[in-house]
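As a plain string of letters, each chain reads:
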Amino acid sequence: MPRLRNQHSYIPPVCEPHAYKVSSLFEPDLSPLDSANDCIVDQAHPLVFSVKANANSEDNPSYDEAMRGPYAKEYTDAATTELHTLQNELDCWELVEREDWMNVLPSTWAFKCKRYPDGRVKKFKARFCARGDRQKEGIDYFDTWSPVVSWTTVRCMLILSVLLDLKTVQADITAAFVHAELPPEEE
């Protein structure tokens, strides 16, 4: 059977009898195979081995790690952009004098380094977060909800777009959670 050779294919080609076993992703066993059926991996796309794990602590640093690390300037720029968006563009808060009865919540930063599949840096994100876990139910808030779409709805919409031959587009809203209107009694 002729062997198809395609550098850009993610599907490994059919194994040949002279192929070698791969006992580990990083330390191949170079003893010849007994038969083509013993072959698990003959050829893999280079990106398969360069992808980093999602739960990498380098890509989710704490505030101190981000500000002292090699990408401190990039994280500072991302934090500045986040504060500018929340304060100037979305008008998320107003400064008031602190009263004794107020429960002032502390804040924290969540940093993220987004990467391409090959491991290159795509962008740096910073999110300014109020510590909502410090609130007391019935005193600081009365109800919680999250505007998240169900996967059933997404699937139905995609099926309808295919059946009706509609064009689908994807969009990302920066700080989407802050765009929601609050009822007057909750402002």
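Per-chain numbering applies: the sequence of each chain, read as written, is numbered from 1 onward. Residue-level local features of this predicted model are given only where pLDDT is at least 70; pairs of side-chain atoms are given and counted only at 80 or more, and the full residue set underlies all totals for whole chains, interfaces and linings. Only hydrogens and water are removed before side-chain values are computed, so all heavy atoms of the structure are retained for them.

Caption draft 1: Region of interest: the confidence of the model for the protein. A residue's pLDDT is simply how confident the predictor is in it, with values from 0 to 100. Put simply, the protein has an average pLDDT of 74, and 64% of its residues get 70 or more. Any two residues whose heavy atoms approach within 4.5 Å are treated as being in contact. Across residues 1-45 the pLDDT falls below 50, and counting only partners more than four positions away or on other chains, this stretch makes 43 contacts in the model. Overall, residues 48-55 carries pLDDT values under 50, and its contacts beyond four positions in sequence, including any with other chains, amount to 10 contacts.

Caption draft 2: View of helix 3 (residues 72-89). Secondary structure elements follow DSSP: runs of H or I no shorter than four residues count as helices, runs of E no shorter than two count as strands, and numbering proceeds from the N terminus. How far a helix is expected to stretch is found by multiplying one less than its residue total by 1.5 Å. Relative to the 26 Å expected for 18 residues at 1.5 Å per residue, helix 3 spans 25 Å between its end C-alpha atoms, a close match to the ideal helical length. For helix 3, the full list of buried residues reads Ala-72, Tyr-75, Ala-78, Ala-79, Glu-82, Thr-85 and Leu-86. Taken around the axis of helix 3, the buried residues stretch over an arc of 155°, which confines them to a single face. Along helix 3, the residues that are exposed and aim more than 90 degrees away from the buried face are Lys-73, Thr-80, Asn-88 and Glu-89. Looking at the buried residues of helix 3, the elements they touch are helix 2 (63-68), strand 1 (107-115) and strand 2 (121-130). Phi for Asp-91, located one or two positions after helix 3, is positive at around 50°. Relative accessibility decides the category of a residue: with a 1.4 Å probe and only protein chains considered, values under 20% of the type maximum give buried, values over 50% give exposed, and everything between is partly exposed. Relevant arc is that of directions from the helix axis to the C-beta atoms, nothing else.

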